[in-house]
Amino acid sequence: MNPDTPTARFVAGMRAQAPALVGMVPFGIVVGVASVAGGLSFLEGMALCVLAFSGIVQLIAVQLHVSGAPFGIIVMTAAVVSLRLLMYSASLAPHLGRLSWRDKLLTGYLLTDHGYALGMIDVAEHPDRPNRHWYVIGTGALAWSVWTLSVAVGMAVGTQLPPEWGLDFTVPLTFLALLVPVLRNRPSWAAAAVGGVVAIAAHAMPLRLGLITAVLCGLGAAALWHRWERR
C-alpha cells in the first residue's frame, strides 16, 4: 500500500495519536462530571464539548458559568485561552500545501496540542511527503471521537450522583491537576506565578474580567522571560 495516499496518512495519524488516549479518557470523564456539577444539562454539556473540543476551554466555561459570568465574557475568555492554536496553525500551515476551504476548516477544527506536535515531527522526518493534512486530521479524528465519548460517560455518571455530594470542587481540582505537568521551565513558572497573583488581585473586577486579565498577564510574563533568556 502506498504510504502517501490520503487514507494511509489518515490511518498513520490515528496510530500516532493512539498512545495519548490513555490520559485523555480519564480527563474527559472528569470534565463531564465537572460539567454536571456546574449545572449543565447533558445536551448543553455535549454541545459545549463538540463546539469547543478542548478540555481547558470546557472547564473554564463551566467555571465562569458557575460564577454567573455573562455569555460574552465566557466566549472572550475561551478565545484568549485558545490563542495558542493560532500559533500552531501559523507554524504548520506552510507544510500543508494548498488546501480547499473544506480541508482547511476540518484540519483547523481537529488540530490539537498533541496533533500539532505529531504533525511537526512528521514534517521533520518526511519534509516532502504529500497529503500531510490527512495525517493531522487522523490524529484529531481519533482524539475527537474518544474525547467526546469520555465526556459523555462523565456526564452520564455525574447525573447519577446525589446532589448533596457537592461536586463543585471537581473544577478547581482538575485545574490543579492540569497545572503541575506543564510547569517544565522558567517561562511556564513565570506565567503560573504572575497569572495566579493577578487572578487573586483582580478577583473583584466586574464581569469576571479578572480571569482574562490574569491569562493575558501570565502570557506576557512568559513571553518576556523567554525573550530575556534568549538575549
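Presented here is a report on the structure given in the accompanying data block. Treat the numbers as computed from the prediction; the structure is a model and nothing was measured.

## A few points about the overall build of the chain
Scanning the chain from N- to C-terminus turns up twelve helices and zero strands. Mapped from its N terminus to its C terminus, the chain presents α and β elements in the order α-α-α-α-α-α-α-α-α-α-α-α. The proportion of buried residues among the 231 residues of the chain is 38%. Sequence-distant contacts, at least 24 apart, represent 80% of the contacts inside the chain between residues at least 6 apart. Counting only carbon and sulfur atoms, one obtains 71% of the accessible surface of the chain, whose full area is about 13100 Å².

## Section: the layout of surface pockets
If a probe the size of a water molecule is rolled over the atoms, the empty space left behind becomes visible. Estimates place the volume of the second largest pocket at around 160 Å³. Every element with two or more residues in the lining of the second largest pocket is listed here: helix 6 (83–92) and helix 7 (101–110). The leading source of residues in the lining of the second largest pocket is helix 7, at three residues. The class makeup of the residues in the lining of the second largest pocket is five nonpolar, four polar and one charged.

## Brief notes about the environment of S54
With respect to the helices and strands, the residue S54 is situated in the loop between helix 3 (42–52) and helix 4 (55–66). Assessed through its relative accessible area of 11%, S54 is described here as buried. The spatial distance from the C-alpha of S54 to the C-alpha of D113 is 9.8 Å, given a sequence separation of 59 residues. Discounting residues that sit within four places of it in the chain, S54 has contacts with R84 and W147.

## Quick word on helix 2 (residues 21–37)
Under the 1.5 Å per step criterion, the end-to-end length of helix 2 is 24 Å for 17 residues, consistent within 8% with the ideal 24 Å. For helix 2, the full list of buried residues reads L21, M24, G28, V31, G32, V33, A34, S35 and V36. Positive backbone phi, approximately 95 degrees, marks G39, located one or two places after helix 2.

## Here's the deal with the nonpolar core
Grouped burial of nonpolar side chains is what soluble globular proteins tend to show. Among the nonpolar cores identified, the biggest contains 19 residues, and M24, M46, W147 and V151 are the most heavily contacted of them. When residues of this core are traced back to their parent elements, those giving at least two are helix 2, helix 3 and helix 9 (132–160). Residues contacting V151, with those up to four places away along its chain left out, are G28, G32, M46, C49 and Q58. Listed in part, the nine residues of the second largest apolar core include A61, A69, V81 and I212.

## A word on the packing of helix 1 (residues 6–17) against helix 9
Where helix 1 meets helix 9, the closest approach of the two axes is 7 Å, and the angle between their N-to-C directions is 45 degrees. By the angle class used here, helix 1 and helix 9 are oblique. In the packing of helix 1 onto helix 9, the handedness of the crossing is right-handed. Residues P6, R9, F10, A12, G13, M14, A16 and Q17 of helix 1 pack against W134, Y135, I137, G138, T139, A141, L142 and A143 of helix 9.

## A look at the packing of aromatic side chains
In the structure shown here, the tally under the stated rule is five aromatic pairs. Ring plane angle 40 degrees and centroid distance 5.9 Å describe the contact between F53 and Y109, whose orientation is recorded as tilted. Taken together, the positions of F53 in the loop between helix 3 and helix 4 and Y109 in helix 7 put the pair 56 residues apart, joining distant regions of the chain. Among the residues examined, F53 registers a relative accessible area of 12% and is labelled buried. Relative to W228, the ring of W225 lies with its centre 6.1 Å away and its plane at 70 degrees, an arrangement referred to as edge-to-face. Taken together, the residues span about one helical turn, with W225 and W228 both in helix 12 (residues 209–230) at a distance of three residues. Assessed through its relative accessible area of 56%, W228 is described here as exposed.

## As for the side chain of R9
Note that R9 resides in helix 1. Residue R9 is classed as buried on the basis of its relative accessible area, which comes to 2%. The contact partners of R9, leaving out residues within four places of it in the chain, are P3, D4, D122, R129, P130, N131, W134 and Y135.

## Regarding the side chain of T139
Tracing the backbone through its elements, the reader meets T139 in helix 9. Looking at T139, its side chain comes within polar contact range of the main-chain oxygen of V136, at 2.6 Å. For T139, the residues in contact, after removing those within four places along its chain, are G13, M14, Q17, G115 and L118.

Definitions and limits used
Residues numbered from 1 in each chain as written. Predicted model: local features only at pLDDT ≥ 70, side-chain atom pairs only at ≥ 80, totals over all residues. Heavy atoms only, no water. Helix = DSSP H or I, 4+ residues; strand = E, 2+ residues; numbered from the N terminus. Buried < 20%, exposed > 50% of the residue type's maximum accessible area, 1.4 Å probe, protein only. Contact = heavy atoms within 4.5 Å. Areas by Shrake-Rupley, 256 points an atom, 1.4 Å probe, with all protein chains shown as cover. 1 Å grid on protein atoms, 1.4 Å probe; cavity = no way out; pocket = protein on both sides within 12 Å on 5 of 7 lines; lining within 4 Å. Points joined across faces, edges and corners; volume = space filled by probe spheres on them. Nonpolar A, V, L, I, M, F, W, Y, C, P; charged D, E, K, R; others polar. Expected span 1.5 Å × (residues − 1). Core = buried A, V, L, I, M, F, W, Y, C linked by side-chain atoms within 4.5 Å. Axes fitted to C-alpha atoms, helices over the stretch in contact; angles between N-to-C directions. Parallel < 35°, antiparallel > 145°, perpendicular 65-115°, else oblique. Left-handed = near helix turned anticlockwise from the far one by under 90°. Phe/Tyr/Trp six-rings, centres within 6.5 Å; stacked < 30°, edge-to-face > 60°. Polar contact = N/O pair within 3.5 Å; in protein donor to acceptor, adjacent residues only side chain to side chain.

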